[in-house]
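Here is how the chains run, residue by residue.
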Amino acid sequence: MPISLKRQVYDQCVLPTMTYGCQTWSLTKATTQKLRVAQRAMERKILRIKLADRVKCSEIRKRTQIQDIVDFVAKQKWKWAGHVARLKDNRWTLRVTEWQPRNGKRSRGRQARRWRDDIVKTKGNTWSRDARDRDEWRRDAEGYILQWMDRAS
């Protein structure tokens, strides 16, 4: 089977299946690492390359020309955040996103990563207000995605 057909199957079947519901994930370094390892393993299978062959990941990516999975997940999450922020009615998705605990405190120790922490880090606490301007939100998407590309390096 030619690589172009394998790439098409990967893009249309495997990638959407692996990232189903990724818009709601809290992206952590561990999660992104697991996704990248799985993707590299699949790319090696596509090209029939073994780990013992010691081919660099960048070379494999050039040959397969498959989109980076973390890049895809970051794009989906950014789109979903904009969609949620633009909701006008009082749906549960918007209420859950803006929900704060009653006592206003989180538990002791290292805090678990929340869904909106990534977006707040990129855009600030006014991200939901900024997302209402669709054109500006789309322009800011590149910075958010680059943030995840930098973390991988």
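In short, a report on the structure. Just so we're clear, the structure is a prediction, and the values are computed from it rather than from any experiment.

Once that is clear, we can look at the nonpolar core. Within the largest apolar cluster, 23 residues are counted, with the highest numbers of intra-cluster contacts made by Ile69, Trp78, Ala81, Ile119, Trp127, Trp137 and Tyr144. Elements with a minimum of two residues in this core: α1 (3–18), α2 (29–47), α4 (69–85) and α8 (134–152). Ranked by residue count, the leading element in this core is α4, at 8 residues. Contacts of Ile119, omitting those with residues within four sequence positions, involve Lys77, Trp78, Ala81, Gly124, Trp127, Trp137 and Tyr144.

Taken as a whole and judged by the stated rule, the model has 11 salt bridges. Measuring nitrogen to oxygen at the nearest pair gives 3.3 Å for the salt bridge that ties Arg63 to Glu59. Of this pair, Arg63 and Glu59 both sit in helix α3 (residues 57–64), separated by 4 residues, roughly a single helical turn. Of the residues examined, Glu59 reaches a relative accessible area of 32% and is grouped as partly exposed. Measuring nitrogen to oxygen at the nearest pair gives 2.7 Å for the salt bridge that ties Lys77 to Asp118. Remark: Asp118 occurs in helix α6 (residues 117–123) and Lys77 occurs in helix α4; sequence separation between them is 41 residues. The buried category is assigned to Lys77, whose relative accessible area is 0%. For Asp118, a relative accessible area of 0% translates into the label buried. Here the salt bridges do not stand alone but share partners, grouping Arg36, Glu43, Arg61 and Asp68 into one network.

Rules of the game
- Residues numbered from 1 in each chain as written.
- Predicted model: local features only at pLDDT ≥ 70, side-chain atom pairs only at ≥ 80, totals over all residues.
- Heavy atoms only, no water.
- Core = buried A, V, L, I, M, F, W, Y, C linked by side-chain atoms within 4.5 Å.
- Buried < 20%, exposed > 50% of the residue type's maximum accessible area, 1.4 Å probe, protein only.
- Helix = DSSP H or I, 4+ residues; strand = E, 2+ residues; numbered from the N terminus.
- Contact = heavy atoms within 4.5 Å.
- Salt bridge = Lys/Arg side-chain N within 4 Å of Asp/Glu carboxyl O.

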